[in-house]
Amino acid sequence: MTISPTDWNDPDADRLRRAQRAELDTRYGADTEPGTKPTADDIAVFLVARDESGAAVGCGALRMLGPGEAEVKRMFVERPSRGTGVSTVILRALETEALRLGVTTLKLETGPAQPDAVRFYTREGYTSIPRFGYYEESEGSLCFARRLC
């Protein structure tokens, strides 16, 4: 597996983000994402994971929040590749990129219809925090953070 920075508008990146959005819409019944959706203009890093054949199977991004803080966005792994460690590799690569950018704390938001995500982030050392930013008034948001150093 390889992880590489990819342009936000790359066709594989777009396909993976659309697949993530479709899955979330199914879980929540509609697009319920609070706040401003990420774009090429506000994403500092967008990573794509590719399997041994070169097929794009997962992605993740970082959006800067302020000095020393960034948010994990658009974490997604296609269903056939789940359970193979792809999400962990993407998350670790995002953490490495965050440190390179001077980020010491990563934050993220997920929700109650994603217990798999809650288990994953908890297992990977992220702890529950009060809702932040766009999510402060979002009753359905579950927020987590991890100090990187």
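Numbering of residues begins from 1 in every chain and follows the order in which that chain's sequence is written. Totals for whole chains, interfaces and linings use all residues, but because this is a predicted model, local features are given only for residues with pLDDT of at least 70 and pairs of side-chain atoms are given and counted only at 80 or more. Working from all heavy atoms in the structure, the side-chain values ignore hydrogens and water.

Secondary structure is summarised from DSSP: a helix means a run of H or I of at least four residues, a strand means a run of E of at least two, and numbering begins at the N terminus for each. Looking only at helices and strands, one finds three helices and seven strands in the protein. When the backbone C-alpha atoms are referred to their principal axes, the protein occupies close to 40 × 35 × 30 Å. For the protein, buried positions account for 44% of its 149 residues. A contact between two residues is defined here by any heavy atoms of the two lying within 4.5 Å. Partitioning the intrachain contacts of the protein with sequence separation of at least 6 by distance along the chain shows that 63% fall at a separation of at least 24. Side chains of the protein give 20 positive and 23 negative charges; the mean places of these two sets differ by 3 Å. Categorising residues by exposure relies on relative accessible area from a 1.4 Å probe, with only protein chains included: less than 20% of the type maximum marks a residue as buried, more than 50% marks it as exposed, and the intermediate range marks it as partly exposed. By the counting scheme adopted, Arg and Lys are positive, Glu and Asp are negative, and His together with the chain ends is not counted. Taken as the charge location is NZ of Lys, CZ of Arg, CG of Asp or CD of Glu.

In this section: the sheet that holds strand β3 (residues 56-66). Only when DSSP finds a minimum of two bridges between them are two strands counted as paired. Spatial ordering of the open sheet is given by β1-β2-β3-β4-β5-β7-β6, a layout of seven strands whose pairing is mixed. Edge strands, defined here as strands with exactly one partner in the open sheet, are β1 (2-5) and β6 (127-129). Each neighbouring strand pair of the sheet contributes to a mean axis angle of 30°, computed without reference to strand direction. To get an axis, a line is fitted to the C-alpha atoms, and for a helix only the part in contact is used. The angle between two axes follows their N-to-C directions and goes from 0 to 180 degrees. Strands in contact with helix α2 (residues 86-100) are β1, β2 (45-50), β3, β4 (69-77), β5 (105-110) and β7 (142-147); relative to β4, the strand with the most contacts, it is inclined by about 155°.

Planes of paired rings set the category: under 30 degrees apart is stacked, over 60 is edge-to-face and the rest tilted, where pairs are Phe, Tyr or Trp rings (Trp by its six-membered ring) whose centres lie within 6.5 Å. According to the stated counting rule, one finds five aromatic pairs in the structure shown. When the ring of Trp8 is compared with that of Phe46, the centres are 5.4 Å apart and the planes differ by 80°; the resulting orientation is edge-to-face. Here Phe46 lies in strand β2 and Trp8 lies in the loop between β1 and α1 (11-28), a separation of 38 residues in the sequence. Ring geometry for Tyr121 versus Tyr126: centroids 5.8 Å apart, planes at 70°, classification edge-to-face. Exposure class is identical for Tyr121 and Tyr126. Each is buried. Connected via pairs of aromatic rings, a cluster forms that spans Phe120, Tyr121 and Tyr126. We count a charge as sitting over a ring when the NZ of a lysine or the CZ of an arginine lies within 6 Å of the ring centre and within 35 degrees of the ring normal. It is Arg17 that lies over the ring of Phe46; its NZ or CZ is 5.5 Å from the centre. One cation-aromatic arrangement involves Lys107 over Phe132; the distance from NZ or CZ to the ring centre is 5.1 Å.

From the geometry alone we can't say anything about function, so treat these as descriptive.
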